[in-house]
Amino acid sequence: RASWSMYKDEYFDAIYKQVIKIPVRGAYHYYSSNVPWKTQADFFLGVVKDKAFHFYVVDYESGYNNLNGRTIAEASEFVKYIKEQTGKKCLFYFNPNVFNTYIKPYNYTNWCNTQDVWIAQYPYTLTEEITQTQPLMPSGLLNWKLWQYGGADVNFTAGRNAGINYGGGLQGADLNYYNGTIEEMKTFFSVTDTPVIPPVDPIDPTPPQPI
């Protein structure tokens, strides 16, 4: 997460130092219904400016929000604006409940099917290596690029105790699945660079002297 509402994520700078080592990098903004969408979008762009991200995401959730017809219209403009301003992919993130309650009733199903969707749909399993490769999609929704199948803070899902396996230093980690191969993912996100590996301090060749 890069930002939410009009706030920069308090851990963004520290986490970015590790993120830069990852081959495919994205940043998301948590949409707020209480702030004009363009004001948020420009703030988000300021946070990620000159950072080496390959794609961006607008996170559309009901938590701390009052979602309705106005907000989904704003979210669609938000996604479009990020694409125009960056020339990069901008995914739209939501879960099935948000789709069924706050997107579909306002006639945005067709719009969603023209977008690159990142859907959060958790199988209730503690196994990180899932056997299925498709989320259970809401009725009428077909297209998806990323599937979040494990939640860091969702009990009884694969991500709840996965943090230790991914070096995050936390108990949980959100786990995601790309709809395609690794090479297809790199092509989709226009990944042409290589991860930045920070230099390692040289080891002093002089052996320690006895005291």
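Relevant structure appears above.
Worth saying up front: this structure is predicted, and the values here are computed from it rather than measured.

What's the story with helix α1 (residues 12-19) in this structure? I'm lost.
The periodicity of an α-helix, 3.6 residues per turn, causes residues three or four places apart in sequence to face the same way. Within the span of α1, buried status applies to Phe12, Tyr16 and Val19. Angularly, the buried residues of α1 cover 60 degrees about the axis, an arc narrow enough to put them on a single face. Residues of α1 that are buried make contact with β2 (7-8) and α2 (37-48).

Help me out: how do you make sense of the nonpolar core in this one?
In a soluble, globular protein the nonpolar side chains are often hidden away together inside. One finds Tyr60, Phe92, Phe94 and Ile103 to be the most contacted residues of the largest nonpolar core, which totals 44 residues. In contact with phenylalanine 92, other than residues within four places in its own chain, are Val58, Tyr60, Ile72, Ala75, Val79, Ile103, Trp111, Cys112, Asp116, Val117 and Trp118. Core analysis: the second largest hydrophobic core is formed by 14 residues, Phe55, Trp118, Ala120 and Phe189 among them.

Explain the packing of aromatic side chains here, please?
For any two aromatic rings, the description comes down to two numbers: the centre-to-centre distance and the angle of the planes. Under the definition given, this model contains 22 aromatic pairs. Centroid distance tryptophan 147 to tyrosine 177: 6.3 Å. Interplanar angle 65 degrees. Geometry classified as edge-to-face. With tryptophan 147 in strand β7 (residues 146-150) and tyrosine 177 in strand β8 (residues 175-178), the pair connects residues that are 30 residues apart, well separated along the chain. Overall, tryptophan 147 belongs to the buried group, its relative accessible area being 0%.

Looking at this structure, I do not really get the sheet that holds strand β1 (residues 3-4). What am I missing?
Within a beta sheet, neighbouring strands are joined by backbone hydrogen bonds and run either parallel or antiparallel to one another. Overall, mixed pairing links the eight strands, which are arranged β2-β1-β3-β4-β5-β6-β7-β8 in an open sheet. The sheet is open, and its two borders are formed by β2 and β8, each paired with just one other strand. Judged from the three bridges that link them, strand β6 (residues 117-120) and β7 form a sheet pairing that is parallel. Residue pairing in the sheet places tryptophan 118 in a bridge with leucine 146 of β7. The strands touched by α2 within the sheet are β1, β2, β3 (26-30) and β4 (55-59), with β3 carrying the most contacts at an inclination of about 150 degrees.

It is not clear to me how unusual backbone geometry should be interpreted in this structure. Could you clarify?
As a rule of thumb, non-glycine residues mostly have phi less than zero, and peptide bonds are mostly trans rather than cis. In this structure, serine 5 is a non-glycine residue whose phi angle is positive, near 50 degrees. When you line up the elements, serine 5 lands in the loop between β1 and β2. Within the chain, phenylalanine 156 stands out as a residue other than glycine whose phi angle is a positive 70 degrees. Examined against the element boundaries, phenylalanine 156 turns out to sit in the loop between β7 and β8.

How should I be thinking about a nonpolar patch on the surface in this particular structure?
A grouping of Trp4, Met6 and Tyr7 is seen on the molecular surface, where their side chains present a nonpolar patch of about 290 Å² in accessible area. Residue placement: methionine 6 occurs in the loop between β1 and β2.

What exactly am I supposed to notice about the environment of alanine 152 here?
Here alanine 152 is to be found in the loop between β7 and β8. Expressed as a C-alpha distance, the spacing of alanine 152 and threonine 133, which sit 19 residues apart in the sequence, is 20 Å.

Just to check I follow, could you spell out the side chain of serine 32 for this structure?
On the secondary structure map, serine 32 appears in the loop between β3 and α2. Owing to a relative accessible area of 7%, serine 32 belongs among the buried residues under this scheme. Contact partners of serine 32, with chain neighbours within four places excluded, come to Ser5, Gln40 and Asn65.

Conventions used here
Residues numbered from 1 in each chain as written. Predicted model: local features only at pLDDT ≥ 70, side-chain atom pairs only at ≥ 80, totals over all residues. Heavy atoms only, no water. Buried < 20%, exposed > 50% of the residue type's maximum accessible area, 1.4 Å probe, protein only. Helix = DSSP H or I, 4+ residues; strand = E, 2+ residues; numbered from the N terminus. Arc of directions from axis to C-beta. Contact = heavy atoms within 4.5 Å. Core = buried A, V, L, I, M, F, W, Y, C linked by side-chain atoms within 4.5 Å. Phe/Tyr/Trp six-rings, centres within 6.5 Å; stacked < 30°, edge-to-face > 60°. Pairing = 2+ DSSP bridges. Axes fitted to C-alpha atoms, helices over the stretch in contact; angles between N-to-C directions. Patch = residues over 30% accessible without salt bridge, like charges linked within 9 Å, V, L, I, M, F, W, Y side chains within 5 Å. Areas by Shrake-Rupley, 256 points an atom, 1.4 Å probe, with all protein chains shown as cover. Salt bridge = Lys/Arg side-chain N within 4 Å of Asp/Glu carboxyl O.

The values are spatial; any link to function lies outside them.
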